[in-house]
Every structure is written in structure tokens, then in C-alpha cells.
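What follows is each chain in one-letter form.
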Amino acid sequence: MAKAPVLTLQADDFPRWYQDLITKAELADNGPVRGTMVIRPYGYGLWERMQQDMDARIKETGTQNAYFPLLIPQSYLAREADHVEGFAPELAVVTHGGGKELEEPAVVRPTSEMITNASFSKWVQSYRDLPLLINQWGNVVRWELRPRLFLRTTEFLWQEGHTAHATYEEARDFAARIQRHVYADFMENTLAMDVVLGRKTTRERFAGAINTLTLEGMMGDGKALQLGTSHELGQNFAKAFNTRFLSKEGTQELVWQTSWGSTTRMIGALVMMHGDDDGLRVPPRLAAVQAVVLAVKGDDAVLTKVRELGDRLKAAGVRVQVDDRTDVPFGRRVVDWELKGVPVRIEVGPRDLENGTAMLARRIPGSKDPVAIDSLAGLLPAVLEDDQALLLRQSRERRESRTAAVSTIEEAVEAAASGGWARIPWAALGAEGEAKLAEHAVTVRCLVAEDGSVPESEDAPGNVAVVARAY
């Protein structure tokens, strides 16, 4: 009788496969309040690595980290009409504190444009104070009706950048710089995720923004997932908070602003873009553990060798963990490491020692071959880079092979329903066609120019709409 699979198969039930993997790879659990999550150490380790990499990229732009309060006076949200309308259904409101009703209710931040502008209006006085570039790492709360771990949770972790500039052009260029040189570079080169960079339509852009730039990825089931956004806020929030500066010419001017964010949703994307029926596949550049050295049996010589090999690999710059838990069955340990997606396993048993070899199991391509133990320290760095490149190539090939060029709304709906994306000329679709797509749970993920670049405006000639069903 064949053994039952550890995970539900993707082809049988992709959402169930996703939930199985989140649980069995020990990434997260549901929290006690509906829609919340507990991020377990292995999952949080992925987030820590993401934070470190992203934080360095953000700081390279000249942005500094700060922290702003979790609670926002409810009156602040009423200052920008589109913003409050966009977030009203998701707000959590605190009405009592210290056993008493509050004089003014406080909103648990769904995002921080309002609270940062309260400070910006005090900090910015002169053109010499600009640009003001601030980022914070924190949490936000948005009351989700259909929660799903990492993808949509009532509370999630993220970074959110908020900047103020002297001119529209400076703000526009900075928002584009974040999209390309922070987010896209990180997602492609660290997470090995193929992403499409584009511009949101008016219907889909951030509440209160004049333009939203997005990065969209295709998941394993063909649905789209928004992975990060960078917004041009124009002067909408500056007007609401009277954030002005004295220009070089001696006139009082409103600042131009941006905001931008990426979240723990990227962990969910990592699962759905790279995972397979055996579990997660973690990109080597991201992995906290790039290689695990397993002792097959509790033989003294084997244990000595795996520990020695662990030290040698660590000295070669590989992030390594030694698994010498020989009181746990070897097969179970192999399954656990496969579920967690560690890029490389090095298995050493008594017979391997006799031959001077170890079994090198590469999680990403799925290969397993004997390799001379003495060659591993020199071999692994190149193996890890090859496997990093393979993941990115596979994600790009999936998107390209499952994206159809269409000319009608009906064809676009059919492409999305069959588990793919569609590209349709924006001139043939327009806002009216976008509304018709929405009736079939299909959205315009972004607009791109004919050459694949980000268009300068929604109505630029030759714009193409990328449409799909999405998480």
C-alpha cells in the first residue's frame, strides 16, 4: 500500500496544500482572535532575513528608521476624505482605556500616513529640511473578512516608508526608485521571485494617492499576488496637515509626498511561488540554514565527521546546521527538512565514511548524488548560486507560459479562469471593461507599457493591462 502524502497535493487542492505546508513546516499558527496569527520561530526567521536585507536597501536610499504610535486619534482620519473612505471598513477603534470611555476614540493604525504627517508638519519648516525620508518597521491592523495566514491577516508586520519632497518630480522619482531599486531588486535577487512592475489603475490605487506603483507575482496556481506598493501621494496629506516649507524663493509651499510598504505577505508568496508537493523551497540567499548536515546513524565516527564537516562549511561561508539527533528516525528528519525547504542536505552514514563521500541532496532541483566529502566546502557556494538562479528562472517561465495575449474581455476572463494571466490593450478595456472583469472576480493587476516598462500615466498610448484572479 502506497504511503499517504505528507501534504495535500497542489493539483488536488491548492488552498489546502498551502494551509498544510504553513502548519507542517512550522511557519505559523492561527491566533486566538479571528484573523490573527502566531508566527513561529522558523517563519519569523525568514522574516528576520527579509528585514535585514530590505533594511539595508532602504537605508542606501538615505532613508532613516523611526517609530510612530500604534494609536491614531480618530479625527485624523477624517482629514483626507478618500483615505478614510478607503480604510473605513477595516478599522479597529478603541473607545475605552483605563476603565473609562475615551474623550476621543483612537484608531489602531491601518497605515501611518496620518500619524506621520502630524510629525512632518512640525519637523518641516524650510527647504533645507527636505527631502525628509522616514521608514518604520512595525505592525498594523486591518479587520479582514476572509483571513488567510500571511496573505490576509487582521494584524501583520511590515515596513512602511513615508517621505516629503520639495517638488512633484522628486517625489515621483523617489517612489519609482523604491519600486525598482529596493523592492524589485530584493524580490528578484534575494527571494528569486519573478515580478511584474506596473502602475495601478484609478480603481485599484491606494486610497488618497495620485498614483500607485505595484509589483505583482504569479503564484503556483496561476493567481496573482500583490507583493509591494509605492505610492505618490501628491499634496493630499500635506493639505490635510498643512505640511509646508519655506522655499528658496521665500514662498510657503506644500510638500509632495510618497509612502510605500511591503509585508509578511512575502512569506506567503514564498510558499506559493516556490513550494512543491514535498514542501517549501527556500532561496539560498534568503535561507537562514543553507545546508543541513545529517548523521544517518549514531555511530561515533559519523558524529565526529558531521560536526567536523559543519565547522568546515561554516568556515567556507555557508550557513549550516548539524543534525545529529540520531534518537529521531532518519526518514522523519529528512521529511522535516524537506518541508522546511532547506536548500541542501548532506547525509553522512557509516558506508559513506568508508567511501569518503556524502549524499548531496539539493532541494530545489530535486537531485541526490554522492559527492566526495573533501570537495563539499569548495562545491557548495556555486551549487547554492545555481539553485538560486533556477528558482528565479522557474518562476519567470511559469508566468510567461501561463500569460495569454488577448483582445476581448471574454478571452481575458477565460484566461484567468483557467489558471493564468492575460494581457489586453488598455484602450480596448478601459474603466468600463475593468468593471465588467470585476463581475467575474478578475482584476487589473497593473498597467505596463508595450515594452514592459512602467508607463508614465494611466492613459499613455500603448498601455497594456495585466489581468488575473488574485489573492
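Our structure's up above, just so we're on the same page.
Residues numbered from 1 in each chain as written. Predicted model: local features only at pLDDT ≥ 70, side-chain atom pairs only at ≥ 80, totals over all residues. Heavy atoms only, no water.

When you look at the packing of helix α2 (residues 41-60) against helix α8 (residues 265-274) in this model, what are you seeing that I'm missing?
Packed helix pairs are specified by the crossing angle of their axes together with the interaxial distance, meaning the distance between the axes. Where α2 meets α8, the axes come as close as 10 Å, and the angle between the chain directions of the two elements is 110°. For the element pair α2 / α8, the angle class is roughly perpendicular. Residues G43, L46, W47 and M50 of α2 form the contact with α8, whose own contacting residues are M266, I267 and L270. For the contact of α2 with α8, the residue count by class is six nonpolar, one polar and no charged. (Axes fitted to C-alpha atoms, helices over the stretch in contact; angles between N-to-C directions. Helix = DSSP H or I, 4+ residues; strand = E, 2+ residues; numbered from the N terminus. Parallel < 35°, antiparallel > 145°, perpendicular 65-115°, else oblique. Contact = heavy atoms within 4.5 Å. Nonpolar A, V, L, I, M, F, W, Y, C, P; charged D, E, K, R; others polar.)

What am I meant to see in α8 here?
For an α-helix, 3.6 residues make a turn, and residues three or four places apart therefore share a direction. Counting buried residues in α8 gives ten out of ten residues, a clear majority hidden from the surface. If you check which residues of α8 are buried, you get R265, M266, I267, G268, A269, L270, V271, M272, M273 and H274. (Buried < 20%, exposed > 50% of the residue type's maximum accessible area, 1.4 Å probe, protein only.)

I would appreciate a short explanation of the sheet that holds strand β5 (residues 92-97) in the present structure.
Across a sheet, paired strands are connected by hydrogen bonds in the backbone, their directions being either parallel or antiparallel. With respect to topology, three strands assemble into an open sheet ordered β4-β6-β5, the strand pairing being antiparallel. Sheet topology places β4 (71-73) and β5 at the edges, where each strand pairs with a single neighbour. On average, each strand axis in the sheet is inclined to that of its neighbour by 45°, with strand direction left out of account. Sheet topology note: the β5/strand β6 (residues 100-108) ladder contains five bridges and is antiparallel. Each residue of the ladder has a partner; that of V93, found in β6, is V107. (Pairing = 2+ DSSP bridges.)

Please explain the pairing of strand β9 (residues 196-199) as it appears in this structure.
Within a regular strand, side chains alternate between the sheet's two faces. By the alternation rule, side chains of β9 split into V196 and G198 and L197 and R199, which are all buried. Across four bridges, β9 lies against strand β10 (residues 211-218) in antiparallel orientation. Bridge pairing in β10 places G198 opposite T214.

Please explain the layout of surface pockets as it appears in this structure.
A probe matching the size of a water molecule, rolled over the atoms, marks out where space remains unfilled. Its volume calculated, the second largest pocket comes out at about 480 Å³. Lining the second largest pocket are 25 residues, and of these Q179, L197, S453, V454 and P455 sit closest to its centre. Of all the secondary structure elements, the ones that give two or more residues to the lining of the second largest pocket are α6 (168-189), β9, β10 and β21 (421-425). Residue contributions to the lining of the second largest pocket peak at six residues, all from α6. By residue class, the composition of the lining of the second largest pocket is twelve nonpolar, five polar and eight charged. (1 Å grid on protein atoms, 1.4 Å probe; cavity = no way out; pocket = protein on both sides within 12 Å on 5 of 7 lines; lining within 4 Å. Points joined across faces, edges and corners; volume = space filled by probe spheres on them.)

I'm lost on the environment of T251 in this one. Help?
When you line up the elements, T251 lands in the loop between β12 (244-246) and β13 (252-254). Given the relative accessible area of 35%, T251 is considered partly exposed. Between the C-alpha atom of T251 and that of L130, which follows or precedes it by 121 residues, the distance is 15 Å. Those residues in contact with T251 that lie beyond four places of it in its chain are F245 and L246. Polar contacts involving the side chain of T251 include one to the side chain of E253, which spans 2.8 Å. (Polar contact = N/O pair within 3.5 Å; in protein donor to acceptor, adjacent residues only side chain to side chain.)

Please clarify how the environment of V196 should be interpreted in this entry.
Tracing the backbone shows V196 in strand β9. If near-sequence neighbours (up to four positions away) are discounted, V196 is found in contact with T214, L215, E216, R399, W421, C446 and V448.

Just to check I follow, could you spell out the sheet that holds strand β17 (residues 344-348) for this structure?
Strand order in the open sheet made by the five strands is β16-β15-β17-β18-β19, with mixed pairing throughout. Both edges of this open sheet fall to β16 (320-323) and β19 (367-372), since each of them pairs with a single strand only. For this sheet, the mean inter-axis angle between neighbouring strands, taken without regard to orientation, is 25°. The sheet contact formed by β17 and strand β18 (residues 357-362) spans four bridges and is antiparallel.

Even after reading the chapter, I still don't get the nonpolar core, so can you show me in this structure?
One broad trend across soluble globular proteins is that nonpolar side chains are buried collectively. Core analysis: the largest hydrophobic core is formed by 50 residues, its most contacted members being F150, M187 and L191. Mapped onto this core, the elements with two or more residues apiece are α1 (14-24), β2 (37-39), α2, β7 (132-141), α6, β11 (224-234) and α8. When sequence neighbours within four positions are dropped, the list of residues in contact with M187 reads A192, M193, V195, L215, L227, G228 and M266. Core analysis: the second largest hydrophobic core is formed by 25 residues, I115, A164, F245 and L254 among them. (Core = buried A, V, L, I, M, F, W, Y, C linked by side-chain atoms within 4.5 Å.)

How should I be thinking about the pairing of β16 in this particular structure?
Note: strand β15 (residues 291-295) against β16, four bridges, orientation parallel. Residue V293 lies in a different strand from β16, and its bridge partner there is V322.

Could you clarify how one ought to interpret the side chain of H231 in this entry?
Take H231: it is sitting in strand β11. A polar contact of 2.8 Å, which involves the side chain of H231, links it to the side chain of T212. Within the structure, the side chain of H231 is placed 3.3 Å from the side chain of T229, a separation counted as a polar contact. When near neighbours in sequence (up to four residues on either side) are disregarded, H231 contacts A175, F206, A209, N211, T212, Q257, T258 and S259.

How do you make sense of unusual backbone geometry when you look at a structure like this?
Outside of glycine, negative phi angles account for most residues, and trans bonds account for most peptide bonds. Look at the link from L130 to P131: it is a cis peptide, with omega at -5°. Relative to the helices and strands, P131 resides in the loop between α5 (113-123) and β7. Residue F150 is not a glycine yet carries a positive backbone phi of 70°. Within the secondary structure, F150 sits in the loop between β7 and β8 (155-165). On the basis of relative accessible area, F150 is assigned to the buried category, the value being 2%. Despite not being glycine, N242 shows a phi value in the positive range, around 55°. Among the secondary structure elements, N242 is positioned in the loop between α7 (236-241) and β12.

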